[in-house]
Amino acid sequence: MQAMPNTESHSEKTAAAQPESMQLAEALAAQLSRHLTDVVLCPGSRNAPLSLALLARSDIRVHTRLDERSAAFAALGMARVQRRHVGIVMTSGTAVANALPAMVEAHYSHTPLAVISADRPARLVGTGASQTIEQPGIFGVYAETTQVESTGDIPLIAERFLNDRQVHINVALDAPLVGEELPGTPTDYTQHRARTPRWSNHGEVAVDLSRNTLVIAGDEAWEVEGLEDVPTIAEPTAPAPYHPVHPAAAHLFRRAQVSANDYVVNTKVEQVIVVGHPTLHRGVLALLSDPDIDLICLSRTEDFTNPRGEAAQLGTTVKTSGEPTREWMKICEGAAQMAADGVREVLAETTGEDVTKPEIGFTGLHVAAAVGDTLAVGDTLVLGASNAVRDASFIGLPFDGVETYSPRGAAGIDGTIAQAIGIALATQSREADAPRAPRTVALMGDVTFLYDATSLILPEDNPRPENLTVVVSNDDGGGIFEVLEQGREPLRPSFEKAFGTPHGVGVAKLAEACGAEHREVSSAQELLDVLAELKEYSTGITVVEAHTTRSSRRALQEALNAKVGQ
């Protein structure tokens with residue numbers, strides 16, 4: 001009798017030969033492809049089935065990192081640009097806990113992020129088995145755990161991705177973990193991803209724009225229809241407003257009157273409209289807390305920046321009546337110009353040939369000004385959450401045509417380099433047809449840089465940023481504390497030990513060890529020259545180290561306050 005030909009495909013035979021853990025991982029990877037375009041994985045044993053199953057798929061871009069904290073923040077950076085979930089895959093044990101800081105930032109910035117953790121089977125938990133901890137619920141209030149024990153649990157994942165911005169999938173994988181062969185190439189291919197969670201709508205608020213009105217736009221702000229012509233104090237990550245007001249002028253709007261050129265001007269604002277999540281400037285936040293100013297807070301999430309409780313009106317959209325008066329527009333324009341000019345005048349006085357305040361020197365604010373002056377339409381800017389974002393605000397950001405990101409959700413400095421790399425990767429992937437990768441510039445202090453320097457290490461055969469410049473304002477310690485309460489003279493004897501924390505690290509050697517190019521500057525003009533050069537010729541990752549001083553930051557702030565009348 002003639003034998004029938006064997007028509008079973010290679011992939012079918014491979015699937016049949018794979019152990020249960022591998023089959024579960026393949027089914028999970030297929031479901032993940034319906035929600036994720038990118039996954040960052042870390043090497044590990046327990047997550048080996050997931051790693052192999054993801055690498056077998058051509059509809060998911062896989063990035064690898066050496067440690068889970070860097071991986072999680074890199075994924076967060078990509079998710080900020082994509083506005084959809086990016087996954088992090090890791091092994092069991094403390095590896096999962098290293099994703100907590102990124103998950104916290106994702107939660108408070110409402111950025112989609114998905115942790116997919118491998119775990120031991122339930123029978124091994126609590127028995128003393130190696131690398132075994134209680135992983136379900138590990139992210140607490142920041143992400144609910146979806147436990148996957150078998151392929152029957154996989155449909156639960158779709159619901160999580162549709163409804164939750166922060167997702168934790170915990171997959172129990174039993175030995176044997178992998179088979180004798182790599183998993184076969186999947187026959188399915190995802191082209192259109194499922195939708196992500198929708199924004200919230202808290203309803204409409206009536207706004208009379210004939211009253212003296214200011215908009216305060218913070219992180220997560222959006223262009224609210226009807227408020228385009230209202231003077232706006234915008235933080236660097238907010239959309240660039242049509243009528244910007246400098247944050248250093250905020251104090252003027254709490255005064256009933258201000259004298260200017262022998263005229264008395266009525267500067268008191270009657271109502272403030274908060275859009276998003278402002279956090280940067282005390283003078284701006286004081287406007288929100290002033291009981292004599294009506295407060296309207298707008299949000300597209302479940303969270304509001306509202307220090308006044310029931311005294312504030314809450315909503316998502318506005319129904320406007322009236323329009324800003326010509327007098328109010330002139331007052332806001334004059335205040336904005338006065339403050340912006342004042343900052344630039346102080347910077348000019350402390351640099352260049354005509355130095356009238358030589359004790360100030362080259363500071364982080366001078367660095368931010370140089371970075372800002374070299375930005376162009378189409379660039380992407382990443383700002384560290386400490387002095388960098390505040391300095392950028394003082395020198396005039398946001399700029400129209402420049403996408404700006406900063407970790408303002410929880411405002412931590414951790415993971416800034418990893419996020420910058422993730423943002424650069426997602427941006428160049430989005431602009432894949434451009435003749436040259438779009439330029440990403442990251443500005444941060446030295447402590448922020450050192451905190452995350454190992455994120456510069458990218459394993460071989462991984463997507464790499466093609467045009468990323470990391471500007472490090474190196475004042476050898478915690479410059480932001482110089483201008484805070486603990487920087488006052490009576491507290492100086494304990495300042496360096498507790499807050500200044502000088503470290504003396506050689507950034508050049510550190511950058512070189514991590515495979516990045518390094519440039520060094522000691523003045524604003526040198527920085528301008530280097531940035532102009534890199535703007536034309538930069539490839540890969542270049543760390544530009546600006547040697548600055550923090551000893552004069554308090555004097556610089558006092559000069560700014562004197563100039564703008566704070």
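- An unreviewed UniProt entry lists the protein chain under the name 2-succinyl-5-enolpyruvyl-6-hydroxy-3-cyclohexene-1-carboxylate synthase, with Corynebacterium guaraldiae as the source organism.
- The UniProt entry for the protein chain carries the following text under Subunit (unreviewed entry): "Homodimer."
- Here is the UniProt Sequence similarities (unreviewed entry) comment for the protein chain, exactly as written: "Belongs to the TPP enzyme family. MenD subfamily."

## What to know about the packing of aromatic side chains
And then number 1: Enumeration according to the criterion identifies 4 aromatic pairs in this entry.
And then number 2: Ring centres 5.6 Å apart and planes at 50° place the aromatic pair F481 and F499 in the tilted group. Residue F481 is found in the loop between β19 (467-474) and α14 (495-500), and its partner F499 is found in helix α14; the two are separated by 18 residues along the sequence.
And then number 3: A relative accessible area of 28% means that F481 is categorised as partly exposed.
And then number 4: Judged by its relative accessible area of 27%, F499 falls in the partly exposed class.
And then number 5: Aromatic ring contacts, followed pair by pair, group F481, F495 and F499 into a single cluster.
And then number 6: Sitting over the ring of W199, R300 keeps its end group 4.5 Å from the ring centre.

## Remarks on the pairing of strand β6 (residues 166-172)
And then number 1: Extensive coverage of β6 is indicated by the burial of 7 of its 7 residues.
And then number 2: Every second residue of β6 is oriented toward a common face, with Q166, H168, N170 and A172 on one face and V167, I169 and V171 on the other, all of them buried.
And then number 3: With 7 bridges connecting them, strand β4 (residues 113-119) and β6 associate as parallel partners. Paired with I116 across the strands is I169, a residue of β6.
And then number 4: As paired elements, strand β5 (residues 145-148) and β6 share 4 bridges and run parallel to each other. Bridging across to β6, Q147 finds its partner in N170.
And then number 5: Following the backbone out of β5, through helix α7 (residues 155-163) and into the adjacent parallel β6, one traces a crossover that is right-handed.

## Points about the side chain of T380
And then number 1: Counting through the fold element by element, T380 comes out in strand β16 (residues 380-383).
And then number 2: When neighbours within four sequence positions are excluded, T380 is seen to be in contact with E403, Y405, I423, T427, R439, T440 and V441.

## With respect to the sheet that holds strand β3 (residues 87-90)
And then number 1: The strand order across the open sheet built from 6 strands is β2-β1-β3-β4-β6-β5, with neighbouring strands paired in parallel fashion. Each edge of the sheet is formed by a strand with only one pairing partner; in this case those strands are β2 (61-64) and β5. Across this sheet, the average inter-strand angle for adjacent strands is 20°, counted without regard to direction.

## A word on the sheet that holds strand β8 (residues 213-217)
And then number 1: Ordered by their spatial adjacency, 5 strands build an open sheet running β9-β8-β12-β13-β14, and the pairing between neighbours is parallel. Two strands in the sheet have a free side with no partner beyond their single neighbour: β9 (232-234) and β14 (313-315). Strand-to-strand twist of the sheet, defined as the mean angle between neighbouring strand axes without regard to direction, takes the value 20°.
And then number 2: Across the sheet, helix α8 (residues 282-289) touches β8, β9, β12 (271-275) and β13 (294-298), and the angle it forms with β8 is around 125°.

What counts, and at which threshold
Residues numbered from 1 in each chain as written. Predicted model: local features only at pLDDT ≥ 70, side-chain atom pairs only at ≥ 80, totals over all residues. Heavy atoms only, no water. UniProt positions renumbered as here; feature names shortened; annotations may be inferred. Phe/Tyr/Trp six-rings, centres within 6.5 Å; stacked < 30°, edge-to-face > 60°. Helix = DSSP H or I, 4+ residues; strand = E, 2+ residues; numbered from the N terminus. Buried < 20%, exposed > 50% of the residue type's maximum accessible area, 1.4 Å probe, protein only. Lys NZ or Arg CZ within 6 Å of the ring centre and 35° of its normal. Pairing = 2+ DSSP bridges. Right-handed = clockwise from strand over helix to strand, strands pointing away. Contact = heavy atoms within 4.5 Å. Axes fitted to C-alpha atoms, helices over the stretch in contact; angles between N-to-C directions.

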